[in-house]
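Secondary and tertiary structure notes
Here's the letter readout for the chains.
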Amino acid sequence: MQNFTLKQLRYVEAAGRLGSIASAATELSISQSSITAAIEVLETGLGYDLFIRTPSKGIRPTPQGAESLVLVRRFLQQARNFQSEIQSVAGTARGTLRIACYATAAPAFLPIILRSVTERFPELSITVLEGSLSVIIDYVNEGEADLAFTYDLFRDSKHRFYPLFSAPPYAIVPSDDSIARAGRTTLAELSEKPLVMLDLPGASKYFMDMFHAAGLDPVVAHSTRSSEILRALVAGGFGVALLNIRPLDYRETESGYRIVPISDDIESAPFGIAIADTEGVPRMIKAFIDNCLELSEKGAFAHLIVE
């Protein structure tokens with residue numbers, strides 16, 4: 001069987017991930033012919049096609065190609081871990097760490113972490129991937145990310161989880177609403193208002209399940225995949241909404257909406273770091289996780305929680 005080089009595997013992985021030879025060439029700053037040649041070498045050596053080529057529509061993996069890409073990504077992740085480990089033998093965390101973040105929560109907590117990591121480990125490079133709760137877990141499972149920032153409820157059972165803080169759900173209501181003046185609310189009270197739903201995989205079911213568990217069936221008047229638009233709709237008087245992590249730009253007298261705690265006995269949602277449950281955590285990843293846990297112990301995320 002023919003040996004494959006790391007370079008060839010990286011070229012094929014990029015083409016598969018982006019669904020385009022041209023896009024892969026642009027990302028890697030090489031010629032399209034180099035990507036094509038790498039694909040041909042692997043296909044010849046493996047004895048089956050990795051991709052289906054469709055003129056003007058790019059490429060898509062064959063069934064065998066999809067399975068092979070998962071293995072390629074895992075191997076490339078192991079290669080990156082090896083490189084970072086050998087670079088960090090002297091005791092300093094070095095290399096490139098790829099972190100996946102739940103897009104709705106990332107703007108609130110990620111700057112705190114990145115600022116601390118940059119100061120403590122100046123030779124550590126961070127690549128950030130954002131996505132929905134399901135997408136970021138796929139990033140970890142497929143080897144595209146070394147770890148994910150997510151809720152414990154939405155990680156895979158095969159992942160190891162490091163909690164950073166617990167975030168109970170809270171309500172967002174228009175500033176001139178009676179609930180805002182009361183300063184606290186209940187699920188029953190919220191269910192009587194039009195609901196603006198964060199329509200992301202996992203999130204909408206999570207919030208609706210809260211109401212259903214209390215025997216309530218609220219009416220979803222509007223839905224959006226953007227937490228910024230959700231807050232704008234509430235500020236505009238189109239309904240009320242639920243979230244878990246307080247936005248950094250919230251100003252009680254200026255935002256047009258009010259953040260209000262919910263009195264119901266609802267279990268808080270632990271938020272933290274999920275990684276593949278391997279036998280050994282690479283030194284670079286361990287140093288990053290330890291830094292995040294130290295920040296948690298110091299209360300760096302306390303302002304993100306509404307109680």
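This write-up is about the structure you can find in this document. Everything numeric in this text was worked out from a predicted model, so none of it was measured.

Counting its regular elements, the protein chain contains 11 helices and 12 strands. For the C-alpha atoms alone, the extent of the protein chain along its principal axes is close to 70 × 50 × 35 Å. Counting the 307 residues in the protein chain, one finds 46% classified as buried. Contacts in the protein chain between residues far apart in sequence, at least 24 positions, make up 72% of those at least 6 positions apart. Total accessible area computed for the protein chain in this model is approximately 15,000 Å², and 51% of it derives from carbon and sulfur atoms.

Another point: the sheet that holds strand β5 (residues 147-151). If you trace the five strands from one edge of the open sheet to the other, you get β4-β3-β5-β12-β6, paired in mixed fashion. Strands at the two margins of the open sheet, each flanked by one partner only, are β4 (124-131) and β6 (159-167). Ignoring which end each strand starts from, the neighbouring axes of this sheet average 25° apart. Summarising the sheet, β6 and strand β12 (residues 269-276) pair through eight bridges and their orientation is antiparallel. Bridging across to β12, S166 finds its partner in P270.

What follows deals with the sheet that holds strand β7 (residues 170-174). Whenever strands of a sheet pair, they do so through backbone hydrogen bonds, lying parallel or antiparallel. Read across the open sheet, the three strands follow the order β10-β7-β11; overall the sheet is antiparallel. Among the strands making up the open sheet, the edge pair consists of β10 (241-243) and β11 (257-261). Averaged over neighbouring strand pairs, the angle between their axes works out to 35° when direction is ignored. Sheet analysis places β7 next to β10, joined by three bridges and oriented antiparallel. Counterpart to A171 in the pairing with β10 is L242.

With that settled, consider the environment of V117. Among the structural elements, V117 can be located in helix α5 (residues 106-120). Residue V117 is classed as buried on the basis of its relative accessible area, which comes to 0%. Note: C-alpha distance between V117 and D152 (35 residues apart in sequence) is 23 Å. If near-sequence neighbours (up to four positions away) are discounted, V117 is found in contact with P122, L124, I126, F288 and N291.

Here we come to the pairing of strand β2 (residues 58-61). Here strand β1 (residues 51-54) pairs with β2 via four bridges, running antiparallel. Note that in β2 the partner of I52 across the bridge is R60. The hairpin formed by β1 and β2 contains three residues between the paired strands, and S56 there has a positive phi angle of roughly 70°.

Rules behind the numbers
Residues numbered from 1 in each chain as written. Predicted model: local features only at pLDDT ≥ 70, side-chain atom pairs only at ≥ 80, totals over all residues. Heavy atoms only, no water. Helix = DSSP H or I, 4+ residues; strand = E, 2+ residues; numbered from the N terminus. Buried < 20%, exposed > 50% of the residue type's maximum accessible area, 1.4 Å probe, protein only. Contact = heavy atoms within 4.5 Å. Areas by Shrake-Rupley, 256 points an atom, 1.4 Å probe, with all protein chains shown as cover. Pairing = 2+ DSSP bridges. Axes fitted to C-alpha atoms, helices over the stretch in contact; angles between N-to-C directions.

Remember, this is a structural readout, not a statement about activity or role.
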